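Spelled out from the first residue to the last, the chains are:
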Amino acid sequence: MTIEASHDRAIAAPAPAGGVIHPAWVRLTHWINAVAVAVMIASGWEIYNASPLFPFRFPQSITLGGWLAGALLWHFAAMWLLVVNGLVYLALGLATGRFRRKLVPVRPREILADAKAAFTGKLSYDDLSVYNAVQKLLYLGVILAGVVVVLSGIAIWKPIQLQELTALLGGYEAARYVHFLAMAAIAGFTVIHVVMAFVVPKSLRAIITGR
Amino acid sequence: MPRLRRNPPGVDPKLLIKDAAKLMPDPTRRLFLRGGASLGALVFLTGCDIVDSLSAERALIKVSHFNDRVQAWLFNPNKLAPTYPDSAVTRPFPFNAYYPEDEAPEVDKADYALEVGGKVDDKKTWTLDELYALPQETQVTRHICVEGWSAIGKWTGVRLSEFLRRVGADTRAQYVWFRCAEGYSTSIDMATALHPQTQMTFQFDGQILPRKYGFPMKVRMPTKLGFKNPKHVMEIAVTDKYLGGYWEDQGYNWFSGV
């Protein structure tokens, strides 16, 4: 066990066969985040529908809250779950060295090579403990989108009390677009993420059981 | 409070939610999360059909009250809403209400008498001319609607804090409550009532406040969402009693600060 644990902590070292790919805190924060993001996006779409930024509305069958007040209640409740869970995830990701170990470095040349391999069906998913370059890029990207969606959400929520933040994002109206685009990035990531979970079913097992 | 147990097989949870709504003990109590649609997505997301509307709603309302406290804590009484040049005013300024524009209340100037009640020393009513005679100032600020859109307007009137001082209001009281001509109401925290940009508004964009924007008086507060800015105000009361409001009682967050 001691050998495995220290081995797991070694930089860029793949976990030994039968070892834990995702520690409990990753799995727990992942699934809490999944629920929080689903509630935030579904209620956010209902809120969007009250005053659309683009010439379309989301079908009500895929929104949460039933009407604006209900959607706002969900949105401003799930935000606590999203933010607190997100902060725990970021703190542990940095403190344990997992981000440094798993997500960097991410090199453009490797991204291109891995993307090409992925689309031609040649990318190996044998070792789930090591992320390929496309994975690293997507995970870093969605973490960034998560930070942006929260900051822009706060900027829309408190454009007077926290007006410096709102100004940083280009003002109230601009912050609404930033918030929407960050949501779109997260929704887009989620589609790829879920598709890949079906393409590589053992990755789904790993985020549930850890192995 | 009735609760739904696990649905028997073949029972539509949406119909059950409707039944649950009928079972509510207080017939005046509205279900904030309207209909089955409110839970449809959640049932889909969690695969859980035993969550019922009422317990979900009660939990959400608790969080909303918690959010009231967070917002009151975040509220800085000295922080001013950004102001804009006249050229930034949105023209025409959007009309928005729960009634169509041609059904906006008509208040007669000659009959108007603002009632003042609750924890104040002087409960005399105020005519429009008396109100117009108070010191006025103009603000060009952004109005932010709970729906998400915003528009910049130019409002002229008397600081509510100045009016409250003149009527000898107990500013240690918790709330200021407003009653409007057509039955609308809302209430705000005392800190917001005393904010320098919270204004009893008599003019919009240099003109006597038109009927559609709340003649003869609206209360403008750029630090709160639009629905907290009542139009056609007939009565102001200072109180320690939580009185909610028209939209707040239907599930909108009470503090709704921005």
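What you see is a predicted model; the values in this text were computed from it and never measured.

**Observations concerning the overall build of chain A**
When helices and strands are counted, chain A shows nine helices and zero strands. The secondary structure elements of chain A, listed N-terminal to C-terminal, are α-α-α-α-α-α-α-α-α. Across its three principal axes, chain A shows a C-alpha extent of roughly 55 × 35 × 30 Å. Here chain A holds 211 residues, and 40% of them are scored as buried. When contacts within chain A are restricted to residue pairs at least 6 apart in sequence, those whose partners lie at least 24 apart make up 65%. Surface exposure of chain A reaches about 11,200 Å², of which carbon and sulfur atoms provide 73%. When the 17 basic and 9 acidic side-chain charges of chain A are each reduced to a single mean position, those positions are 3 Å apart.

**Focus: the sheet that holds strand 5 (residues 185-189) of chain B**
All names here are of chain B. The four strands are arranged 1-9-4-5 in an open sheet whose pairing can be described as mixed. On the outer flanks of this sheet lie strand 1 (115-118) and strand 5, each paired with one strand and no other. Strand-to-strand twist across the sheet, computed as the mean angle between neighbouring axes with direction ignored, equals 20°. In terms of strand pairing, strand 1 meets strand 9 (residues 233-239) through four bridges, oriented parallel. Each residue of the ladder has a partner; that of glycine 118, found in strand 9, is valine 238.

**Examining the side chain of A:Asn49**
All names here are of chain A. Tracing the backbone shows asparagine 49 in helix 2 (residues 24-50). Looking at asparagine 49, its side chain comes within polar contact range of the main-chain nitrogen of phenylalanine 58, at 2.8 Å. If sequence neighbours within four positions are ignored, asparagine 49 has contacts with Arg57, Phe58 and Thr63.

**Notes on the interface of chain A and chain B**
On the side of chain B, 40 residues touch chain A, which itself brings 31 residues to the contact. The junction of chain A with chain B conceals about 3,100 Å² of combined surface from both sides, 67% of it contributed by carbon and sulfur atoms. On the chain A side of the interface with chain B, the three residues burying the most area are A:Trp67, A:Leu73 and A:Gln161, jointly 24% of the side's total. Viewed at the interface, chain B and chain A are joined by one salt bridge. For the pair chain A and chain B, the interface holds eleven residue pairs in polar contact (both at pLDDT 80 or more).

**A short note on unusual backbone geometry**
Look at the link from A:Val104 to A:Pro105: it is a cis peptide, with omega at -5°. Examined against the element boundaries, A:Pro105 turns out to sit in the loop between helix 4 (98-102) and helix 5 (108-119). Along the chain, B:Phe215 connects to B:Pro216 via a cis peptide bond; the corresponding omega equals 0°. Its place among the elements puts B:Pro216 in the loop between strand 7 (207-208) and strand 8 (218-220). Here B:Asp205, not a glycine, exhibits a phi torsion of approximately 50°, which is positive. Within the secondary structure, B:Asp205 is located in the loop between strand 6 (199-204) and strand 7. Unlike most non-glycine residues, B:His232 shows phi in positive territory, near 50°. Here B:His232 shows up in the loop between strand 8 and strand 9. Residue classification places B:His232 among the buried positions, given a relative accessible area of 0%.

**A word on the state of the cysteines**
Such a bond, covalent and formed between the sulfur atoms of two cysteines, is termed a disulfide. Residue and element names in this part refer to chain B. In the structure shown here, the tally under the stated rule is zero disulfides over all chains. Cysteine cysteine 145 shares no disulfide, and the gap to the nearest cysteine sulfur, in cysteine 180, comes to 16 Å. A relative accessible area of 7% means that cysteine 145 is categorised as buried.

**What about helix 3 (residues 53-74) of chain B?**
Helical geometry: 3.6 residues make up each α-helical turn, so side chains three or four residues apart lie on a common side. Across its 22 residues, helix 3 of chain B extends 31 Å between first and last C-alpha, which sits within 8% of the 32 Å expected from 1.5 Å per residue. Residues B:Ser53, B:Leu54, B:Ala56, B:Glu57, B:Leu60, B:Ile61, B:Ser64, B:Asn67, B:Asp68, B:Val70 and B:Gln71 constitute the buried set of helix 3 of chain B.

**Thoughts on the confidence of the model for chain B**
All names here are of chain B. Averaged over every residue, the pLDDT of chain B is 86; the share at 70 or more is 80%. Low pLDDT (under 50) marks residues 1-30, which in the prediction has 33 contacts with non-local residues, meaning those over four places away or in another chain. Per the prediction output, this complex has pTM 0.87; the corresponding ipTM is 0.89.

**As for the nonpolar core**
Within the largest apolar cluster, 56 residues are counted, with the highest numbers of intra-cluster contacts made by B:Leu114, B:Leu131, B:Phe163 and B:Ile236. Within the residue set of this core, elements represented by two or more residues are helix 3 (68-95) of chain A together with helix 4 (128-132), strand 3 (150-159), helix 5 (160-166), strand 4 (175-180), helix 6 (190-193), strand 6 and strand 9 of chain B. In this structure B:Phe163 touches B:Leu114, B:Val116, B:Trp126, B:Leu131, B:Leu134, B:Met200 and B:Ile236, once residues within four positions along its chain are discounted. Counting residues in each nonpolar core, the second largest holds 29 residues, with A:Met40, A:Ala78, A:Ala187 and B:Val70 among its members.

**Digging into the environment of A:Ile156**
Summarising the element assignment, A:Ile156 is placed in helix 6 (residues 133-157). With near-sequence residues (within four places) excluded, A:Ile156 lies in contact with A:Tyr172, A:Ala175, A:Arg176 and A:His179.

**Observations concerning helix 3 of chain A**
The terminal C-alpha atoms of helix 3 of chain A lie 39 Å apart, and with 28 residues this matches the ideal 40 Å at 1.5 Å per residue to within 8%. Phi turns positive one or two residues past the end of helix 3 of chain A, at A:Gly97, with a value near 80°.

**Regarding the pattern of salt bridges**
Residue and element names in this part refer to chain B. For the structure on display, the rule yields 18 salt bridges over all chains. In this structure, lysine 154 engages aspartate 86 in a salt bridge whose closest nitrogen and oxygen atoms are separated by 2.9 Å. With lysine 154 in strand 3 and aspartate 86 in the loop between helix 3 and strand 1, this residue pair connects regions lying 68 residues apart in the sequence. Judged by its relative accessible area of 17%, lysine 154 is buried. With a closest N to O distance of 3.1 Å, glutamate 162 and arginine 165 form a salt bridge. Of this pair, glutamate 162 and arginine 165 both sit in helix 5, separated by three residues, roughly a single helical turn.

Here is what the cut-offs are and how they apply
Residues numbered from 1 in each chain as written. Chains lettered and ligands numbered in written order. Predicted model: local features only at pLDDT ≥ 70, side-chain atom pairs only at ≥ 80, totals over all residues. Heavy atoms only, no water. Helix = DSSP H or I, 4+ residues; strand = E, 2+ residues; numbered from the N terminus. Buried < 20%, exposed > 50% of the residue type's maximum accessible area, 1.4 Å probe, protein only. Contact = heavy atoms within 4.5 Å. Areas by Shrake-Rupley, 256 points an atom, 1.4 Å probe, with all protein chains shown as cover. Lys, Arg positive; Asp, Glu negative; His and termini not counted. Charge placed at Lys NZ, Arg CZ, Asp CG, Glu CD. Pairing = 2+ DSSP bridges. Axes fitted to C-alpha atoms, helices over the stretch in contact; angles between N-to-C directions. Polar contact = N/O pair within 3.5 Å; in protein donor to acceptor, adjacent residues only side chain to side chain. Buried area = accessible area lost by both parts, 1.4 Å probe. Salt bridge = Lys/Arg side-chain N within 4 Å of Asp/Glu carboxyl O. Disulfide = S-S within 2.5 Å. Expected span 1.5 Å × (residues − 1). pLDDT = per-residue confidence, 0-100. Core = buried A, V, L, I, M, F, W, Y, C linked by side-chain atoms within 4.5 Å.

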